[in-house]
Every structure is written in C-alpha cells, then in structure tokens.
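Read off the chains here:
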Amino acid sequence: MAYTSLYRRYRPETFDDVVGQEHIVRTLKNQIKSDSVGHAYLFTGTRGTGKTSVAKIFARAVNCPTPVDGSPCCKCDVCRALSSPTNLDILEIDAASNNSVDQIRELTDKINFPPTTGRFKVYIVDEVHMLSKSAYNALLKTLEEPPAHAIFVLATTEVHQIPATVLSRCLRFDFHLLPLSLIEKRLKFIFDDIKVKCDADAVRLIASAGRGSMRDALSIADMCVSYCAGNITYDGVLEVLGTADPFKVLDLAEAVLSGDADAALVRLAALCDLGKSVPVLASDLGAMFRNMMYAATCKNAREILALPADLFGAIDACAARYPVKKIFSSMKAMTSLEGQFRYGTQHRTLLEAAVLEAATNEPSAESFRELAEKVDKLERQIKALTKSGFNPAPVKADARQVWGRVVSALNAKGFRHAAMAATDAAVEETEDVFRVRIASAASMSLLDDDGVRALIDRTFASLSKKSLVIEQGGALVRDREVPYLTEMFGARLEVK
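Per-chain numbering applies: the sequence of each chain, read as written, is numbered from 1 onward. Selection of residues for local features in this predicted model requires a pLDDT of at least 70, selection of side-chain atom pairs for listing and counting requires 80 or more, and totals for whole chains, interfaces and linings are taken over all residues. Excluding hydrogens and water, the side-chain values take into account all heavy atoms of the structure.

Caption draft 1: Fine view of the overall build of the chain. Put simply, DSSP marks the helices as runs of H or I at least four residues long and the strands as runs of E at least two long, and each gets a number from the N terminus on. Check the secondary structure of the chain and you find 25 helices and 10 strands. Under the scheme applied here, a residue whose accessible area is under 20% of the maximum for its type counts as buried, over 50% as exposed, and between as partly exposed, the area being computed with a 1.4 Å probe on protein chains only. Evaluated residue by residue, the chain yields a buried proportion of 42% over its 496 residues. Two residues qualify as a contact provided that any one of their heavy atoms is within 4.5 Å of a heavy atom in the partner residue. Sequence-distant contacts in the chain: of pairs separated by 6 or more residues, those separated by 24 or more amount to 73%. Each accessible area is a Shrake-Rupley estimate made with a 1.4 Å probe; only the visible protein chains count as cover when residues are assessed. On the chain, roughly 27,400 Å² of surface is accessible, and the fraction owed to carbon and sulfur atoms is 53%.

Caption draft 2: Up close: the nonpolar core. Ranked by size, the top nonpolar core spans 69 residues in total, and within it Ile 232, Phe 289, Met 292 and Leu 351 carry the most contacts. With near-sequence residues (within four places) excluded, Phe 289 lies in contact with Ala 253, Val 256, Leu 257, Ile 327, Ser 330, Met 331 and Met 334. In this structure, Phe 43, Val 78, Ile 124 and Val 153 belong to the second largest nonpolar core, which totals 29 residues. Definition used in this section: a nonpolar core is a set of buried Ala, Val, Leu, Ile, Met, Phe, Trp, Tyr and Cys residues joined via side-chain atoms within 4.5 Å.

Caption draft 3: Representation of the layout of surface pockets. A pocket, in this scheme, is an open set of points on a 1 Å grid over the protein atoms alone with protein on both sides within 12 Å along at least 5 of 7 lines, while a cavity is a set where a 1.4 Å probe fits but cannot get out; residues line either one if an atom lies within 4 Å of a point. Grid points are joined across faces, edges and corners, and a volume is the space filled by probe spheres set on the points. Its volume calculated, the largest pocket comes out at about 1,200 Å³. Ser 208, Arg 211, Ser 283, Asp 284 and Ala 287 are, among the 41 residues lining the largest pocket, the residues nearest its centre. Considering every element that reaches the lining of the largest pocket, the biggest residue donor is helix α14 (residues 278–297), with 10 residues. Asp, Glu, Lys and Arg are counted as charged, while Ala, Val, Leu, Ile, Met, Phe, Trp, Tyr, Cys and Pro are counted as nonpolar; the rest, among them Gly, fall into the polar class. Looking at the lining of the largest pocket, its residues break down into 28 nonpolar, seven polar and six charged. Around the second largest pocket, the lining is made up of 25 residues, and of these Gly 48, Thr 49, Gly 50, Ser 53 and Arg 215 lie nearest the centre. Of all the secondary-structure elements, those providing two or more residues to the lining of the second largest pocket are α3 (51–63), β4 (150–156) and α10 (214–228). No other element matches the four residues that α3 contributes to the lining of the second largest pocket.

Caption draft 4: Local environment of the sheet that holds strand β1 (residues 40–45). For two strands to count as paired, DSSP must find a minimum of two bridges between them. With parallel pairing, five strands are arranged side by side in an open sheet as β2-β3-β4-β1-β5. Each edge of the sheet is formed by a strand with only one pairing partner; in this case those strands are β2 (90–94) and β5 (171–175). With strand direction ignored, the average angle separating the axes of adjacent strands in the sheet is 20°. Alignment of β1 against β4, held across five bridges, turns out to be parallel. What counts as an axis is a line fitted to C-alpha atoms, over the stretch in contact for a helix, and the angles between N-to-C directions run from 0 to 180 degrees.

Caption draft 5: How the structure looks around the pattern of salt bridges. When a carboxyl oxygen of Asp or Glu is within 4 Å of a side-chain nitrogen of Lys or Arg, the pair counts as a salt bridge. Counted according to the given criterion, the structure contains 24 salt bridges. The residue Lys 29 makes a salt bridge to Asp 16 at a minimum N-O spacing of 3.4 Å. In this pair, Lys 29 is assigned in helix α2 (residues 22–33) and Asp 16 in the loop between α1 (6–9) and α2, connecting sequence segments 13 residues apart. The exposure class of Lys 29 is buried, given its relative accessible area of 11%. With relative accessibility at 56%, the residue Asp 16 sits in the exposed group.

Caption draft 6: Empty space enclosed by the protein, seen in detail. Applying the stated criterion across every chain yields a total of one cavity of 30 Å³ or more. Put simply, the largest cavity is a space of about 40 Å³. If you trace the largest cavity, you find it lined by Ile 93, Ile 104, Leu 107, Val 125, Leu 131, Leu 139 and Phe 152. Partitioning the lining of the largest cavity into residue classes produces seven nonpolar, no polar and no charged.

This is how it looks when you write it as structure tokens:
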C-alpha cells in the first residue's frame, strides 16, 4: 500500500480537530446549529492554514442529518458517503486549471441538478483568484442567487486579486497563521501517535520552520521521520532544513557586530564551504540578528523565540555586548538580500558584500563604550571645575586659522576676488603684531579697496587684539613654498 503523507493522514475530520482558527470554527458551527447557513463563502489566508480542510468539514456538516455540536458525526450513511472521493455532492474545483469561461458556464448549467445524498451540493473552488475576468462575469449571477440546494465555498491565498463584485456576494473568513505553541502541540501528538521519538528542541525547530503553516510543518516532519529513522534530533532537523549550525552562525554574527571584517569573512567562507545554500545562510544570519533584537529589547524573549536554553543563553550574552542600533542595521543588511538573490546569480558575492558592509559601516561596540566613558569622564571634570569657580582662558587660534576666517568673511560679503587674493598670503605673528604679506601688487591693490579693508579690520578685531599689518612682499611665501616644490620636483627645479 502506498505511503500516506502526514498532512493527509492527519487532515482534520471535524471542527474539533482543526488547529487554531477558533473565530472561524465557532461561527460556522453556530450557523449549522441554528440552520442559518449562507449561500457563498470566501476563505482566504496563507497556505497550509486549513482553508480546504475546513471547507470539506463544513460541506459534510451541512449535509449531516445528526451533527454533533455543529460538526459532522462521521458515523451516519450520509457522512460516510460524502467522505468517498466518488461522491457527487461535494465538488472540489481547481480554478488554476479550470479557469476559462466555458468551464464556469458548464458548472452553472449543471448547478440546477439536485444533490443525490444530502441536502446541499457544495462547490469548493480552490485558488479562485486564478479565474479569468470573463469567468468571474459568468459566475456572478449564479453566485448571487444560486439554487436553494447549492453552496459555494471559494478559497484563495490572493484575495486582493478577486473582483469587488465577487467579494460583495460572499461571507469572508480570514484564516490566520498558527501560533508556534499550537503547531508544536499538534506535532507532539502526531509523533506520539506514530511512535516516533523526537527531542523537545527538535519539535520546536520543526514548528518554527513551518512559519505558521501546519501543512508546511507536517511536510518537514515527514522528511525528518524518514531522515532520522524514528529518532528525531535537533541536529537531524538542521540537516533536513539545510540550515547551518546556529552556534557557528552566532560566531559569524558576533564577528560582524564587533567590526572584525577579517574574522567575519573567514567564518562566512567556512560556512559556505560546508555546502550550505547561500540564500538559506543569509536567512539564518538575518534570523540570528532578529533573535538578538528580541533578546536585547524584550523581557520575555525566551518564551517568544522558543530556542534551546543553551542557544538562547549564548544569543542573550552576545546581544548584551553590542548596541541595538548596530544589531538592527546588520539585520536590515541581511534581509535586503532577498530581492537581490531573486534577480542575481552571484549569491555568495552578494552575501560577502553585505557581511563586509555590516561589519564596517559603524563603530564597534568597544569604540562606543570607550567613547561613552571618555564623554562621561569629561563631563565630570567640567562639573567639578565649574563648582570650584574655575574659568578657563580661551584657546588661542593658529595664525592661519585666524586669517582663514577673515577670508571667509570676504567671501560671505561678496568680495570674491579679494578673498582669492587674500588666500595666497603668508602670515606670521609676534607678541604684538599680526603680519600679512601679499605676493603681488595686483593682489595688494584688491585688498587696498576701502570697503574690503574696512571689512578685514572689523573681522580681525573680533578675532585678535594684535595690530594688523598688511604689506606686499613675497619672502614668507617663498620661504614656505620652495621646500615643498623642491620636494615635489626634485633638484631640477630652479627658483628665480
């Protein structure tokens, strides 16, 4: 006999077997108990959250003559007949392969035939967003006013693609992603039922890998059962998922956060050489930074992340050593790679570039701590000096800095030519005199303008108490520039 996969073998048979989705289950059960069933339903949500399973349970429940708390009894002749794949009262249609207007017209033509077993004929249209525009138009009238014995259940993962005219004719139910705890509980039940040993950490990892989808989690569990030969371990699940050792990923993450680009690239190369998928490795590294974000900011991070105790302890200790801003920027660098992987072929090069950028774009944690310590020390010293009445003398500016501010003032007031002439000046200062020497007569004439000179005097007076002397003479310029030019051009330079 052919093997039946876990997600098919453990597909729920009644509403009580459905994992999660209490808001939907409760509403449907109340409608059945009160005999107020609608004529058209829309089930939407992520894959593997129970849309088709709930639709099939609902289809049998509305036809069961003796429902139990709104669920099919699964014992009567009607329930047994409707459970057969050959029954004609529950019609499951795949809109992905039956999306033309002719196929929908054929359906609407046959809808008037009464059911053969129960009270209702239930049409479950899966992937309904794949219907063509003309097919939607052909379905509209029948969807709005079907025969009394017909019920439509439309299922989709892309509700935004469905026309508003169809949405307005349906009772909409949104299926949510399943909490990690519910998936974990269901997996434990299944492993116990099939007599397979599984570590608690391994169960938690499989549930987490399902990302809120029970079907995805059961598909992973199926592979783990075969790979681990009846004894599922944490390391075995990692091998099945193709992910890297989380402690090695943590070492890589810490190298990135510490700003050690050399160690980061060496550790990344070691992980890539193990044959791990580069996009999966990038996802693992991004998830590691995410876990650090939770550890650094959330009090109940241990319960949220549901990681093994030793792994969470290592992550928590690492997160405490680095700024949250650094962790966040590193996480963004990894998550941004998803789109680049989709359109690029050099995946390893892209990941290496992202790791290098994340490791070098900000100061390391040690630098932050050292800077913070210096700032704190300086602030304490300033407070102590202020309390003691100490009034520090102003710091003297260098002669070139003083003259540079004069040049900036000339530029700011629109004297650009004068500013250019003043830039080439040589300056020196003694105890009482600030002397400026202009190299050429032309430059000197620009600075002798009354307006220019008045501005120079005002600006200089605000900067220094010394006497300002501006004169023509290139000796200082020559003495300053000849050694520099000689160094550039060598002994061939002849200065005249």
